[in-house]
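Topology and contacts: notes
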Amino acid sequence: MLLLDGEQINETITMADVIDALEQYYLQDGEKDAYVPERLFMNDRDNTAILMPSFYQDHYGAKCIGIAPGNVALNEPTLQGMFLLFDRQRMEPLGVFDARTITAMRTGAASGLSIKYLADKKAKTVGVIGTGDQGWSHLLAACAVRPIEKVLVNNRSEARLKDFVEKARKHFPDVDIQPSSTEQIAEQADIILTTTTSVEPVIPHVEGVEWKGRHIAASGAFKAHMQEVPDFLIEQADRIFVDSYAAYDECGEMRKAKEIGQDESRVKTLQELVKQGESAYTENELTIYKSVGMAIFDIITAKLIYERRKG
């Protein structure tokens, strides 16, 4: 049985690998070989425990994670957990993988798909708000699908911001990476990535800023009282996409979207976006992709890791 930590996972697969795996899942109608039961949320004061089972092709998986927002003050990751992979027929345990890494990679990869299909192909500047695991994975995803030349980074913790910028500069030596205010991100970024658990919008209104032709991928807020994208952008958006319609129950952005008429009949899923192909892109639109996480993405990623390690 494999036992892999985050470093070993990153040595095995790349962000581009995961983006391709998720894309192929949709293009090849992978849902016909998938079964994803409803996930179980358990709130414990400010913390959240989540159990996410999934079945795909010959594998059964279960992700058990805990999200502790208070860990930020302790300089610890907010998400902790494990992903368990089994043979679907025999129920034989095949691997135990670090869930933080799998969660970050698959969420970043899904946002990467939204960027691939919706962002301007000439987009060169990306803004990252939130510098945890998700902020890093989303930066990797953006750079995997667009010719990024400049990265503007914002985080409420100066120490985490500094560490992130140093890491990014080492990983992308040819990219201009700068600590920035959210106002600078709103003014300059072609693509904005939000990866926080904020209960208040993190993208500010800046007078005179034009939002047409830009793409926002928001993946941090996962509870109804959380909201990263402000109301004015939800109202201005030409098109909104979600990973699943569960987002309407699980985050503030999509509750607001429904209030203004952007319900399930108008908002499309990531699956529909990928199926539409290159024709999905329309010039000079403001597009938003909102994700709350899907267990099928976890098992696709874990399956990829297992198959690569086994050769």
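Residues numbered from 1 in each chain as written. Predicted model: local features only at pLDDT ≥ 70, side-chain atom pairs only at ≥ 80, totals over all residues. Heavy atoms only, no water.

Let's shift gears to the overall build of the protein. For the protein, the count of helices and strands is 11 helices and 15 strands. Over its C-alpha trace the protein gives a radius of gyration of 18 Å, about what one expects of a compact globule, namely 19 Å for 311 residues. In terms of overall dimensions, the protein has a C-alpha envelope of 60 × 45 × 40 Å along the principal axes. The proportion of buried residues among the 311 residues of the protein is 56%. Nonlocal contacts in the protein, meaning residues at least 24 apart in sequence, comprise 72% of its contacts between residues at least 6 apart. For the protein, the centre of its 35 positive side-chain charges and the centre of its 48 negative side-chain charges are spaced 2 Å apart. (Helix = DSSP H or I, 4+ residues; strand = E, 2+ residues; numbered from the N terminus. Rg over C-alpha atoms; globule rule 2.2 N^0.38 Å. Buried < 20%, exposed > 50% of the residue type's maximum accessible area, 1.4 Å probe, protein only. Contact = heavy atoms within 4.5 Å. Lys, Arg positive; Asp, Glu negative; His and termini not counted. Charge placed at Lys NZ, Arg CZ, Asp CG, Glu CD.)

Time to look at the pattern of salt bridges. Applying the stated criterion across every chain, the model contains 17 salt bridges. The partner of Glu250 in a salt bridge is Arg39, and the shortest N-O contact between them spans 2.6 Å. On the criterion of sequence distance, the pair formed by Glu250 in helix H8 (residues 247-250) and Arg39 in the loop between strand E2 (34-35) and strand E3 (40-44) is long-range, its members being 211 residues apart. With respect to class, Glu250 is no different from Arg39; both count as buried. A salt bridge links Lys290 to Glu253; its shortest N-O distance comes to 3.8 Å. Here Glu253 lies in helix H9 (residues 252-259) and Lys290 lies in strand E15 (residues 287-290), a separation of 37 residues in the sequence. For the pair formed by Lys290 and Glu253, the shared burial category is buried. One connected set of salt bridges, linked through shared partners, spans Asp231, Glu235, Lys256 and Glu259. (Salt bridge = Lys/Arg side-chain N within 4 Å of Asp/Glu carboxyl O.)

The next point concerns the pairing of strand E13 (residues 239-242). Residue alternation in E13 divides its side chains into two sets, Arg239 and Phe241 and Ile240 and Val242, and both sets are buried. In this structure, E13 lies alongside E15, joined through four bridges in parallel fashion. Residue pairing in the sheet places Phe241 in a bridge with Tyr289 of E15. Pairing of E13 with strand E14 (residues 268-269), which is carried by two bridges, proceeds in the parallel orientation. Along E14, the bridge assignment pairs Phe241 with Lys268. (Pairing = 2+ DSSP bridges.)

Examined against the element boundaries, Arg156 turns out to sit in the loop between strand E9 (150-154) and helix H5 (158-171). A relative accessible area of 70% means that Arg156 is categorised as exposed. Through-space distance from the C-alpha of Arg156 to that of Thr131 is 9.0 Å; in sequence the pair is 25 residues apart.

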